[in-house]
Amino acid sequence: MGINIYETFFMETALKEMPKVYTFVKDRYFGGAPTIFKTEKVVVDYDDGEGNMMAPFVIPRVGAVPMKRSGYNTYELVPPYIAPSRPLSIDDLTKRMAGESIVSTLTPEQRERQFLLDDMEFLDRAITRREEWMCVNTMLDNSCTMHHIGDKENKPKDLTAQYYDGNENPGVFQQSAAWDIGTANKRGTWYKDVAAQAASLIDAGRNVTDLIVGSEVAEMILSDPWVHAMLDNRRIEIGEVDPQWQPNGVIRIGRLNFGGVALDIFSYRGTYQEINEDGKLETKNYFPTKGALLAAPNTGKLRYGAVTQVEMDQNTHTRTGTRVPKHNVDSVHNQKEVILTARPIAAPIMKSPWRACRDVMSAPTTEDEP
């Protein structure tokens, strides 16, 4: 008996063998093995952190002094539904594929196998880009609003996963003023703000090792006369600046010391494409060009809910995993379709481990301003 390439087991196995796509934010800050749930809903726990509690002195006759455990928040969330598909028609199978030899002897049946692998890889990469978008926005806003496409019967709707209570977001990067460069003898606003916010994260018991900035902020830092003067100063070692291009639109600018806290500085210029409201393909930045973010690796985690679907055997199956494949056949119109579904949610592993601002080049707004 031949192998049915459209069996769910075969497609899942093929997906596992495909090389994974590296993305900067998802892999660096939401790395590690994801949590897979067997239900549609997922449970997100994140604690308040142990902070910097110090053990007290105690008189020997009194005995041990109990120290309270840190609390934690639990959220039960329904992950968003991501399900891109790719149709495959008879016309696709009877024509030569891109890169195929002009004198190729491949049959439509043989091409079909290659199309399946190519389509699943394409859909997997498309979902990975959406996951990267989710991770970036979760870090920037301490929440993530996801717009779900509707149809004639179901109106489009926005679903938001928020990881703080009330209206005050503790993950906001507190600016003192619009960021600007300094002089050879005076530090700029940006340096003072980064030092203050890094110190506030450390005081809260959080780890901070990275400063991620947009392209405009990166250019400002590289042009700062104070940074040039400090790096030329042989009597003090403040860091190093050696911009280097890395994969997926990341530039490592260097490493600078902010009041004793050494931070690796990255400029994230990665882009993605999506259809805008006018139906045109638009290229956008994952990270805002005027944005800034303080973080440390592996301070977030991805969780995946289960996917329930009706498959080719006409039965309903609930599948678990980061990707769930499905195959549809329309014999009337001689067309097949491959669907790849994922139900991810990005969340911090502790309360407010990041500090972020989408526009540090503008003056901060106050509560009285609209």
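Residues numbered from 1 in each chain as written. Predicted model: local features only at pLDDT ≥ 70, side-chain atom pairs only at ≥ 80, totals over all residues. Heavy atoms only, no water.

Draft legend 1. Structural detail: the sheet that holds strand 17 (residues 324-330). Taking strand neighbours across the sheet as the criterion, the three strands line up as 4-18-17 in an open arrangement whose pairing is antiparallel. The open sheet has two edge strands, strand 4 (85-89) and strand 17, and neither has a second partner. Recorded for the sheet is a direction-independent mean angle of 15° between the axes of neighbouring strands. As paired elements, strand 4 and strand 18 (residues 335-341) share five bridges and run antiparallel to each other. Considered in strand 18, the bridge of R86 is made with V338. With respect to the sheet, helix 4 (residues 108-141) is in contact with strand 4 and strand 18, its orientation differing from that of strand 18 by roughly 35°. (Pairing = 2+ DSSP bridges. Helix = DSSP H or I, 4+ residues; strand = E, 2+ residues; numbered from the N terminus. Axes fitted to C-alpha atoms, helices over the stretch in contact; angles between N-to-C directions. Contact = heavy atoms within 4.5 Å.)

Draft legend 2. Focus on the nonpolar core. Counting 53 residues, the largest nonpolar core has V25, Y29, F30 and Y268 as its most contacted members. The element that contributes the greatest number of residues to this core is helix 4, accounting for eleven residues. Leaving out residues up to four positions away in the same chain, Y268 has contacts with F24, V25, E132, V136, I212, V213, N248, G249, V250, Y286 and F287. Listed in part, the 29 residues of the second largest apolar core include Y191, A198, V213 and L256. (Core = buried A, V, L, I, M, F, W, Y, C linked by side-chain atoms within 4.5 Å. Buried < 20%, exposed > 50% of the residue type's maximum accessible area, 1.4 Å probe, protein only.)

Draft legend 3. Just the packing of aromatic side chains, in detail. The tally for this structure, following the rule as stated, stands at eleven aromatic pairs. Where W190 meets Y191, the ring centres are 5.9 Å apart and the plane angle is 85°; that geometry is what we call edge-to-face. Given a relative accessible area of 0%, W190 falls into the buried group. Taken together, a centroid distance of 4.8 Å and an interplanar angle of 25° make the contact between Y191 and F258 stacked. Taken together, the residues Y191 in helix 5 (residues 189-203) and F258 in strand 9 (residues 250-258) connect sequence positions 67 residues apart. Residue class for Y191 comes out buried when judged on its relative accessible area of 6%. (Phe/Tyr/Trp six-rings, centres within 6.5 Å; stacked < 30°, edge-to-face > 60°.)

Draft legend 4. Expanded view of the side chain of T128. Looking at where T128 falls in the secondary structure, it is placed in helix 4. The residues contacting T128, other than those within four sequence positions of it, are V21, T23 and R323.

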